[in-house]
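# Coordinate inspection notes
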Amino acid sequence: MSHDNDAGQQRWRRMLTKWFTAKRMNALRPAIEAMAEQLVDDMVAHGHPADLKASVGFPLPVWVICDLLGVPETDRDRFSRWSDMLLNLTRYGQGEIDTAQREFHAYLSGHLEIKRREPGEDLLSSLITATDADGGRLTDDQLAATGQALLIAGHETTANMIGKMMALLLADRRRWEQLVADRSLVRTAVEEALRFDANAGFGMPRYVKEDIEVAGTVLARGTTLVCSMAAANRDDEVFAGAEEMSLDRSPNPHLAFGAGPHSCLGQALARTELQVVLDVLIRRLPTLELAVSSEELRRIEGLVVGGLCDVPVRW
């Protein structure tokens, strides 16, 4: 059974991987830039202090996922609410979460019918007609599950990373000023924020098939371990000056997106979003600063993917 599941997972992954190439994500960049500009406009219009996470970090990934799924702009707010409810373990009761799940599934089923009749340029439209090497197609349930997987995997994680990245870069004024002086550092700065983030969620469970030795300790066959990506990303043997944040670090083989056949499918999209947000903020708000000390930033409780509650800023 597990083999079939794994084969199905790999088939689904192959069909999606065609879509999530760096080349395709680059083609999306102008649309993502326009969304980021609009969110920054709205934040500036409301004046400061502002919460950078609520104003830009939280809405942007939802807008991008709605765009990918061909969901109209008018439905973005509903998507935000569903995403929040499906991921938050403590704020909502099971009844509310079940209702959100049903509403979301019903919405996607209806949305798929519309896309069948009137396909667009979006991911779902292309997946409806796409076939794999054996001529197989994704079922409606798989298509709806794809929509949900993108929202759950892509929204809260990216929203949190935008918040954490900006907090890291603004916590030390020299970092921000270095970026303002040289916007060509945006790409490597994003990678360094991904590496430097010490709160990389729960970590990856791994089952040991034979006795192995890790850092002088023998782990017996049959052991289940949780690997800490954050610890790996601070490995002095891989990264010179691992405890320092170096905005021009290159190469930077961090493990924020995992590695191998199960590495994050949406990493090219996440990178594009992080780069765009950073670039737009440097260009639009060079005087941006934290409105509280970095010690006062509050961590989120009860969320699987960890992050900051808010990132108060002024400019």
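This structure is a prediction, so every number in the text was calculated from the model and none was measured. (Residues numbered from 1 in each chain as written. Predicted model: local features only at pLDDT ≥ 70, side-chain atom pairs only at ≥ 80, totals over all residues. Heavy atoms only, no water.)

Among the residues making up helix H10 (residues 173-181), those that are buried are Arg175, Trp176 and Leu179. Taken end-on, H10 shows its buried residues confined to a sector of 95°, consistent with a single buried face. Opposite the buried face of H10, at more than 90 degrees from it, the exposed residues are Arg174 and Ala181. Each element contacted by the buried residues of H10 is listed here: helix H9 (156-171), helix H11 (186-196) and helix H13 (267-284). (Buried < 20%, exposed > 50% of the residue type's maximum accessible area, 1.4 Å probe, protein only. Helix = DSSP H or I, 4+ residues; strand = E, 2+ residues; numbered from the N terminus. Arc of directions from axis to C-beta. Contact = heavy atoms within 4.5 Å.)

With an omega of 5°, the peptide bond between histidine 48 and proline 49 qualifies as cis. Residue proline 251 follows serine 250 across a cis peptide bond; omega there is -5°. Relative to the helices and strands, proline 251 is located in the loop between helix H12 (229-232) and H13. At alanine 215, a position not held by glycine, the phi torsion is positive, near 50°. Among the structural elements, alanine 215 can be located in the loop between strand S3 (212-214) and strand S4 (217-219).

Another aspect to go through is the environment of leucine 281. Inspection of the secondary structure assignment puts leucine 281 in helix H13. Distance from leucine 281 to threonine 223, taken between C-alpha atoms, is 46 Å for residues 58 residues apart in sequence. Not counting the four nearest positions on each side in its chain, leucine 281 is found in contact with Val40, Met43, Leu52, Met166, Trp176, Pro286 and Leu288.

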